[in-house]
Structures are given as C-alpha cells and as structure tokens.
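Single-letter residue listing:
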Amino acid sequence: MTKNPSAPVLSRRALNRATLDRQLLLRRARMSAADALTHLVGLQAQNVKPPYYALAARLDGFAPEELSELMDSRAAVRAVTMRSTVHTLTADDLLTLRPLTQAAIDRELRAFRKGLDGVDLDRLAAVARAYVEEEPRTPARLRDELAVHWPDADPASLGIAARARLPLLQVTPRGLWRRSGRVALTTAEHWLGRPLVDRPRPDAVVERYLAAFGPASVRDMQAWAGLTGLRDAFERLRPRLRTFRDENGVELFDLPDAPRPDPETPAPPRFLPEFDNLLLSHADRTRVVPAAYKARNWKSNQSFCAFLVDGFLAGVWRLEETGGGAVAVVVEAFGALTEAQRADVEDEAVRTARVLAAGASSYDVRFGAVIDG
C-alpha cells in the first residue's frame, strides 16, 4: 500500500492511457527504430517476428528492413535479459541490462542444479566461452562440447548453465527480416568488442522503466525485470518522483513530467505480436487486460498475437497467405464490437498487413477463429 494515503488516485482507464502513451500506442511515433528500441528498453523476442510486429504498431513509416539493418550492423542484438527471456535491444542496453538482470538468470539456473552434480561452473564458463568465441555455435553443438568435458551431467542442464554464466547472444542472420537462420551463439563481448558494464546500479533503469511503462509500482517493475529487491532503488529516487495510488490503494511511482493523458483520450485499435511487452510488464495487468479476458490470448504455453480496442485487450489475430500472393488478417474478437469499432479494426488490420506483408497482391480481413478449441 502507499506510504502517502493522500496521493492522487489514478483510475484503471487513466493508467491505461498513460501506459499506451509511453508505449507509443496512442499515436504512431515519428521515431527511428533505434530510438524506439532505446525508449521501450527492448522488445520481447522469443520468436523472430514479434519485434517487427511490435514496431509496426508503434512507429509511423516503419519498414522492417530498418530493424534488420540495426541487427546486421550489430547496433541491435538478440539476447537473454529481462525475465530471463530473449529480447531484441540495442547493443548499449545489452551491456547494461544483462549484468543487471543476472540474478533472474541465476534463479533459472538453480532449477537445473540436480543435472549439474560435479560440474565446476567456473570451468564450464571458461570452456563454453572459448568454444563459442572461436566461432558461433548452435545450442546443440555447445551442449555436445560441454558433454565431452562432463559426460555424466545432464546435457540440457549444461546448456542452461552456459547461458546463465555467459552473456550469450544470437548472431545474425538469426533475427533478420525474411533472412533469419538458426540460432548460433557467441558472447556479447566478442560480438560487440566491448565489455559488460561492471555492477550497474538499477536507478537509471528504474527511471527508464517508468518512462516506458509508468506509472507503476515496485512490484510492476520487478515483474518486468524478473527481479526482486528493487524497493531500495525506488526509495533512493523517491524525492525525484511523483507518487500516486491505483484504485486498490497500491503506491505508484512516476516521472514528474511524464505524460498522463486524459482518460477519455481516444485509443485507436492496435495489432500486437505474441508476448508484447505491453501485456507482460506489470504485476497488475488490468490496466490493459480486462479481468474477463485474463489469459484469453494464451493456450497452454502458446501466446497468440493480440489486438487492442479502446486501449484494452480485445482479441487475437494472425496473418496468413491465402494464395496468389494475397494476404489475409484473421481476427477473433473476444466480445462484441460496435459497427464503428469493427470498421476501425479492419482499417488497422489492413494497415498492419501492408507493413508486414509489403508487396502482397491484395489484403483481406476475416473475422473468425484464431485459437482452436
């Protein structure tokens, strides 16, 4: 709960509009892909396409080749950082965020300790580093090499240990637009020619998180980063921040001059990728996900591309080729759409498809089932 019970209360809708504004989703931004990656503090990227889809929803005039060129020039990379998951982020951010999120990555490793009996993790890191810096290696080849040194250990656990102990990244062509290849790994230092930041303090990242996701609680940022123990950083920054409460009395922090639009500001439909950070970066996701639709964009462990109506999760979608060079956007709404909302969704679907499937012979929008069963 808040330390300041008289702090102003922000409604769920007010939080929604503030977050959409920070996420470049109230209006498309005239911003480069590099500047967007920096502002958004990276993009979730378990799969190759989501970062491109995410920027198509946020940037005016975005062309997927722009992000691809950043990766090809090593200005942007794919690597494990927040929540111990793969993100696409700038090279500069990787060098800071990887050591900052190391505790979350170490926590994942603890779950595999049983398969690492008798393994000297410092030696494993040295062996793995030498192997992947000689040339980029696939995860399977890295596991095979480590198994030569520790034949009694669990191969999967050896691979997880290397990923945890070393700042591995996925080298290109993995992640390039329409040219992506299989995963091959080397270290960040080797690929970028620069060292990681030594023991970075989280304070600056707290402010950047608030700029991209605020107003937010300590637990919200901890959910985004996959970390605990960030309260001290917020307390150090408290004199420089504004505080609010949500409708449940939870204390929220924010940058003093950050945008907090009128809750009635129009929010146009937006088509997002699976695992978009907008849907994953708060402990309390009700600012974007209505309670009735919680987990509706998931089935088992599979996440589906989602779309927003009036700023909130409203359904799922997919892009599919329909023959003859034509492309269709299949849309599944979770609830009834008004005639005006349906027309706006169709317009946004076509706009999205024109960016992500440029050169198609035609674009169609179909309302139907995206999630089977």
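Bear in mind that the values here come from a model prediction, so they are computed numbers and not experimental data. (Residues numbered from 1 in each chain as written. Predicted model: local features only at pLDDT ≥ 70, side-chain atom pairs only at ≥ 80, totals over all residues. Heavy atoms only, no water.)

Asks: Just checking my understanding: could you explain the layout of surface pockets for this structure?
Replies: Rolled over the atoms, a probe sized like a water molecule indicates the empty space that remains. Taken as a whole, the largest pocket holds about 420 Å³ of empty space. As for the largest pocket, its lining consists of 22 residues, of which K49, Y53, L319, E321 and L356 are closest to the centre. At 5 residues, the largest contribution of residues to the lining of the largest pocket is made by strand β12 (residues 312-323). For the lining of the largest pocket, the domains that each give at least three residues are domain 1 (25-192) and domain 2 (289-367). (1 Å grid on protein atoms, 1.4 Å probe; cavity = no way out; pocket = protein on both sides within 12 Å on 5 of 7 lines; lining within 4 Å. Points joined across faces, edges and corners; volume = space filled by probe spheres on them. Helix = DSSP H or I, 4+ residues; strand = E, 2+ residues; numbered from the N terminus. Domains from an automatic or database assignment.)

Asks: In this structure, what is going on with the pattern of salt bridges? I would like to understand it.
Replies: Opposite charge on two side chains allows them to pair when their charged atoms are near. Applying the stated criterion across every chain, the model contains 35 salt bridges. We note a salt bridge from D21 to R27, for which the minimum N-O separation is 3.4 Å. For D21, a relative accessible area of 17% corresponds to the buried category. In this structure R27 comes out as partly exposed when scored by relative accessible area, which is 47%. Linking D203 and R236 is a salt bridge whose minimum nitrogen-to-oxygen distance equals 2.6 Å. Here the residue D203 occupies a position in helix α11 (residues 203-213), and R236 occupies one in helix α13 (residues 231-237), the gap between them amounting to 33 residues. Exposure remark for R236: the relative accessible area of 39% places this residue in the partly exposed category. Residues participating in the shared-partner salt-bridge network are R13, R17, E264 and D310. (Salt bridge = Lys/Arg side-chain N within 4 Å of Asp/Glu carboxyl O. Buried < 20%, exposed > 50% of the residue type's maximum accessible area, 1.4 Å probe, protein only.)

Asks: Mind showing me how you'd approach empty space enclosed by the protein here?
Replies: Across all of its chains, the model carries 2 cavities of 30 Å³ or more by this definition. In terms of lining, the largest cavity is formed by L43, Q44, P50, A54, R58, P273, E274, F275, D276 and N277. Going through the elements one at a time, β1 (43-44) and α3 (50-58) are the ones with two or more residues in the lining of the largest cavity. The greatest single-element share of the lining of the largest cavity, amounting to 3 residues, is contributed by α3. Here the lining of the largest cavity is built from residues that sort into 5 nonpolar, 2 polar and 3 charged. Taken as a whole, the second largest cavity encloses approximately 30 Å³ of empty space. Every residue along the wall of the second largest cavity is listed here: M71, A76, V77, R78, Q170, T172 and W191. For the lining of the second largest cavity, the per-class residue count stands at 4 nonpolar, 2 polar and 1 charged. (Nonpolar A, V, L, I, M, F, W, Y, C, P; charged D, E, K, R; others polar.)

Asks: What is the right way to look at the sheet that holds strand β3 (residues 86-90) in this model?
Replies: Pairing between the strands of a sheet comes from backbone hydrogen bonds, and it takes one of two forms, parallel or antiparallel. Across the sheet, 5 strands lie side by side as β1-β3-β2-β4-β5; this open sheet has antiparallel pairing. Only two strands of the sheet have a single neighbouring strand rather than two, namely β1 and β5 (185-187). Two elements, strand β2 (residues 76-80) and strand β4 (residues 168-170), share 2 bridges in a ladder whose sense is antiparallel. Bridge pairing links R78 to Q170 in β4. (Pairing = 2+ DSSP bridges.)

Asks: Would you explain helix α6 (residues 102-110) in this entry?
Replies: One full turn of an α-helix is made of 3.6 residues, so residues set three or four places apart face in the same direction. Residues of α6 that are buried include every one of A104, I105 and L109, and no others. Across the axial projection of α6, the buried residues extend over an arc of 150 degrees, all falling on one side. Where α6 is buried, its residues meet β2, α5 (91-100), α7 (121-134), α9 (155-165) and α12 (218-225). (Arc of directions from axis to C-beta. Contact = heavy atoms within 4.5 Å.)

Asks: Please explain the packing of aromatic side chains as it appears in this structure.
Replies: Each pair of aromatic rings is reported with the distance of its centres and the angle of its planes. Going through the model one piece at a time under the given rule, you end up with 10 aromatic pairs. Summarising the aromatic geometry, the rings of Y209 and W224 are spaced 5.2 Å apart at their centres and angled 40 degrees between planes, so their arrangement reads as tilted. In this pair, Y209 sits in helix α11 while W224 sits in helix α12, placing the two residues 15 residues apart along the sequence. Accessibility expressed as a relative area gives 0% for Y209, which makes it buried. Taken together, the aromatic side chains of Y53, F271, F307 and W317 make up a single cluster linked through ring pairs. (Phe/Tyr/Trp six-rings, centres within 6.5 Å; stacked < 30°, edge-to-face > 60°.)

Limitation: the analysis is restricted to geometry and does not speak to function.
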